[in-house]
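Structural description and commentary
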Amino acid sequence: MRFHSSLALASSALFLASATSSAQVTALSVEGDVIAGVGAITMYDNIAINSSGDWLAEVRTDHSNAAANKVLLKNGAIYMREGQAMSAPAGAIWKSMDSCILNDSGNTVLNLTVTVGGNDIQAVYWNNTLLMQEGDQIAASAGLSPGATYTRFEEVRLNSNEQVAVICEVDDSVITGTDDYVIMIWDTDGAGNITSETVYEVLSPPNGGAPYKAQEEQPGGTGSQTITNFNLNPHMWSFGNGGEVMCKLTISSGSSGTDDVVYIGGEIAAEESFQAPGTTANWNVLTSPKLSVNSAGDWSLLGGVGGVDMIFKRAAGGTTAPIYREGDSLQGMNGNTITFFGSGPVEIADTGDILFWCRTNNSDNTQNTGLWVNDTRIVHKGVTPVGANTIKTLPGVIDAYHFAPNGQYVIFEATLDDNRDGVFLVPVSSGSPPGTPMCFGDGTGANCPCGNFGTTGTGCANSTGAGGVLSATGTPSVGANALFFAASGLPSDRPALLVSNIFQGSAAFGDGALCIGSGWAKHSVVFSSSSGTINWGPSQMTNPNWTAGQDTYFQVLYRDTSGFCSGPFNSTGAYKVTFTP
């Protein structure tokens, strides 16, 4: 894929009519894709996605300078680059990144190591605006001692209310021990300015008392407990839009001595040696639980119960119960059972849907892993196609996959059967298609200029030997502004333009057939990926002149210099949408 920063690239997202194992997977970025001015991609690291389908991917390239070979992509374009100057502190240069978070407003919070005057320091940035750096004094109202300072930032989170949660190390004279870790909440004004700092106060002993702080004995008499550790694994804590922090802690005065516990909203969600809800067995392994909390306060939790790993779910204010466990056989497993949930995340969307990875006891090891949303496998190793390729390896590890908060997209890393690593997107949606494909160049509709008919349901044949296809997902509501288009079957690395009109037409267009009338509205130009796919989201509809109750016809026009007839252009079939209010 060629990335052109001059183009207004935005969401590379799409919807499908249903969440099935045949859901269309789109290659967002694949190893070998060239980032203009930097080099070819050789490796992927952090990834993120939001409810609009906007995405982030940290990549490494073959750039000759090892200190400038990493890039953070946002929707395929360069967002930040290793070695670039940061807005603050003065002279700061980006050296490395620990984590990147993208919220539904499109804002990012990044935990970076920057070099200032030859020295490396940690700093947290809101987009490219400095929020906090090592050595900064903590606000007097935060809940720590006067003069306490930040000394290290371990993990950060950003919710859609523009609040930042950070596990950090502080220097506070009243906290005993050497590792003074605290979970802080920073309220911001949505423009990169912190308006308040607060020790997260829900982490209190069950009988009340001051906020928990690492290495600090809490007041309150019987039942007060000492935290001996915050777990810093990225998937062992979560931050909801309601300001809830769900996290795994270790306490030194539990029922069985040193206990691992999971807290959320001041409540114990799980504690070693206590009975797990909905079972007759006790929690026995909470060493590496996978946690997630959504905007409604619902949460999911993966932990060990009676020697079996189980995924639990609780609706806010409701009951907690296991929903999946090792040994279960889900629809489509053909009698095979779950043997392992991996070391990656288990995430709950605002819809209450659960995303997880699992391995089964399928005797065919080339097809024994997959990504699931509830009971539906959305990606299947060895089976799921991506263009002309198939998913060969699907890792179930940290940062390998994520759920969009609204439950409509999954972003994941995988290896194709041609051994290229990449970052991919699969839509998860329900409902009817927003319109109807039409005007095919397969001999049933449009007249192709020189008899170059495409395959069934496509546009006129192009240099790939088949034809381009235009599909749409989302909703045709004018008010919702949530219509997404996807083109496939195009030649790779070619510019394409999405156009629309309320009138139909019939005319030759290079090697294709123009199915809409003249005077069409032009939407964003985007280059096709190496697999010949392109996606347009709402933010790329540069001339959205839709009217409720009106039929509108869409088509993609693209360059193809090695076509069948006069070229050098071609077109997909068309797509008809009748807009609603």
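Structure shown above.
Residues numbered from 1 in each chain as written. Predicted model: local features only at pLDDT ≥ 70, side-chain atom pairs only at ≥ 80, totals over all residues. Heavy atoms only, no water.

Observations regarding the layout of surface pockets
Cut-off, in case you're wondering: Residues are called lining when one of their atoms sits within 4 Å of a cavity or pocket point, these points coming from a 1 Å grid over the protein atoms alone, where a cavity is a set in which a 1.4 Å probe fits but cannot get out and a pocket is an open set with protein on both sides within 12 Å along at least five of seven lines. Grid points are joined across faces, edges and corners, and a volume is the space filled by probe spheres set on the points. In DSSP terms, a helix is any run of H or I states spanning at least four residues, a strand is any run of E spanning at least two, and both are numbered starting from the N terminus. Three classes are used, and their members are as follows: Ala, Val, Leu, Ile, Met, Phe, Trp, Tyr, Cys and Pro are nonpolar, Asp, Glu, Lys and Arg are charged, and the others, Gly among them, are polar.
Of the voids in this model, the largest pocket is the one considered here, and its volume is about 730 Å³. Elements that contribute at least two residues to the lining of the largest pocket include exactly strand E4 (39–49), strand E8 (93–102), strand E12 (149–158), strand E17 (237–239), strand E21 (283–293), strand E26 (347–348) and strand E32 (401–403). Per-element tally for the lining of the largest pocket: the top contributor is E8, with five residues. Of the residues that constitute the lining of the largest pocket, the class distribution is 18 nonpolar, 13 polar and seven charged.

Here we look at the sheet that holds strand E23 (residues 308–314)
Defined as follows: Pairing between strands is defined by DSSP: at least two bridges between the two strands are required. For helices, the axis comes from a line fit to the C-alpha atoms of the stretch in contact; other axes are also lines fit to C-alpha atoms, and the angle between any two N-to-C directions lies between 0 and 180 degrees.
Ordered in space as E21-E22-E23-E24, the four strands form an open sheet in which the pairing is antiparallel. Unpaired on one side and paired on the other, E21 and strand E24 (320–325) mark the two borders of the sheet. Ignoring strand direction, the axes of neighbouring strands in this sheet form an average angle of 30°. Relative to E23, strand E22 (residues 299–305) runs antiparallel, the two sharing seven bridges. Paired with Leu 302 across the bridge in E23 is Ile 311.

Quick look at the state of the cysteines
Rules: Two cysteine sulfur atoms form a disulfide, by the criterion used here, when they sit within 2.5 Å. Summary of the burial criterion: residues with accessible area below 20% of their type's maximum are buried, those above 50% are exposed, and those between are partly exposed, where the area comes from a 1.4 Å probe applied to protein chains only.
Counted by the stated rule, this structure contains three disulfides. Bridging Cys 439 to Cys 515, the disulfide has an S-S length of 1.9 Å. Disulfide Cys 439-Cys 515: torsion about the S-S bond near -80°, hence left-handed. Of this pair, Cys 439 sits in the loop between strand E35 (435–438) and strand E36 (469–475) while Cys 515 sits in strand E40 (residues 512–516), placing them 76 residues apart in sequence. Residues Cys 439 and Cys 515 agree in their burial class; the two are buried. Disulfide pairing is shown between Cys 448 and Cys 460; the S-S distance is 2.1 Å. Of note, the bridge from Cys 448 to Cys 460 carries an S-S torsion of about -95° and is left-handed in sense. Taken as a pair, Cys 448 in the loop between E35 and E36 and Cys 460 in the loop between E35 and E36 lie far apart in primary sequence, 12 residues in all. Each member of the pair, Cys 448 together with Cys 460, is buried. Sequence-ordered numbering of the bonded cysteines in the protein chain gives a disulfide pattern of 1-5, 2-4, 3-6.

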